[in-house]
Amino acid sequence: MCGYHGITFDPQGRCTFMPSQETINPSASVASFPVIDRHRLCWIWLGDPELADPDLIPDLSMNTDPACAGGGELLHVDCDYRLVLDNLMDLTHETFLHGSSIGNDAVAESPFTVEHTDTTVTVRRWMRGITPPPAILAEMRHRFADYDGGPIDRWQIIRWHAPATIVIDAGVAIADTGAEQGDFTWATRGYVVNTITPETDRTANYFWLRLRDHSLEDEEFTRAQVELVHSVFEEDRAMLDAQQNAIDAHPRYAFYNLNIDAGGMWVRRLLDRLIGTEADRVGNRAIAGNR
């Protein structure tokens, strides 16, 4: 329903009501799009309705898992959405950009692996026997009252799902308590769920949720965690703005890729492939229609 004039439309976009008149103008219609409400997010298909496939929606069931608690928000970013993907696929920047909260030297110094399919890229990093950075130290003390601040094992498993969803399986355990082998008795586990909707070629809407497996009824802790992640992402947003400004100022400059960019480079490569395939399909359909 139009909030100004009260004109009402059905799910197919056909007008079903006009105030103060019985005759409905048949030309009064609006575009409609397939929509699925799944796991606390609304997924809208803006292309050919016949090609809308719910199976393409990433599995984000952790958002509604009763064993998890947490919250998130929507951020508007003034950059190409792919820069956000680059940022999330390479978390070594935590060492340098987020050193006062979630980062320390161990993030940048620890090795990682990268694997991919046609529609996913996964980066895995384990940090063993390290000193906890400030925010992680605070969470471990909240989770385990007798934790003495000793060494931890930390992991980050980052998985991109085409085209623009990234789920980070992030956890911390007291060192040498078996987390890498699947024993999470002395661990805090959680997810950072990120999905980005491009708005223009230079702006995007960035949805995120931060989930955890402990203190499920502690709403004050949830608010504190959301505020923490918000402050971290605000640091990211300032850097992303600077990146976009640098790119705009040097449109012909070939930016150098580091080894740590491997995950993001695979994401870009697969995105280009998927966009090219779609462009060819749309082009072929237009040619067939013209004939």
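Residues numbered from 1 in each chain as written. Predicted model: local features only at pLDDT ≥ 70, side-chain atom pairs only at ≥ 80, totals over all residues. Heavy atoms only, no water.

> Can you break down the overall build of the protein residue by residue, with the values?
The number of helices and strands found in the protein is 6 helices and 11 strands. In terms of overall dimensions, the protein has a C-alpha envelope of 75 × 50 × 35 Å along the principal axes. Evaluated residue by residue, the protein yields a buried proportion of 38% over its 291 residues. Sequence separation of 24 or more characterises 57% of the internal contacts of the protein that already satisfy a separation of 6 or more. For the protein, the accessible area works out to roughly 16700 Å², and carbon and sulfur atoms hold 54% of it. (Helix = DSSP H or I, 4+ residues; strand = E, 2+ residues; numbered from the N terminus. Buried < 20%, exposed > 50% of the residue type's maximum accessible area, 1.4 Å probe, protein only. Contact = heavy atoms within 4.5 Å. Areas by Shrake-Rupley, 256 points an atom, 1.4 Å probe, with all protein chains shown as cover.)

> Now, about the pattern of salt bridges: what can you tell me, with residues and values included?
Taken as a whole and assessed by the stated rule, the structure comprises 10 salt bridges. The salt bridge partner of D80 is R82, with a shortest N-O separation of 2.7 Å. A residue is classified by how much of its surface remains accessible, and D80, at 11% relative accessible area, is buried. We classify R82 as partly exposed; its relative accessible area is 26%. Residue R128 pairs with E180 through a salt bridge whose shortest N-O separation is 2.7 Å. Placement of R128 in strand β7 (residues 120–130) and of E180 in the loop between β9 (165–174) and β10 (187–200) is noted, with a sequence separation of 52 residues between them. (Salt bridge = Lys/Arg side-chain N within 4 Å of Asp/Glu carboxyl O.)

> How would you sum up the pairing of β7? Please name residues and give values.
Taken across its 11 residues, β7 has 8 buried, putting it largely inside the fold. In terms of strand pairing, β7 meets strand β8 (residues 152–161) through 9 bridges, oriented antiparallel. Residue pairing for β8: W126 is matched across the bridge by W155. (Pairing = 2+ DSSP bridges.)

> Any chance you could break down unusual backbone geometry for me, citing the residues and the numbers?
For the bond running from A162 to P163, omega is 0°, close enough to zero to count as cis. Mapped onto the secondary structure, P163 falls in the loop between β8 and β9. The backbone phi angle of S20 is positive, close to 65°, even though this residue is not glycine. Exposure remark for S20: the relative accessible area of 83% places this residue in the exposed category. Positive phi, close to 50°, is recorded for S215, a residue that is not glycine.

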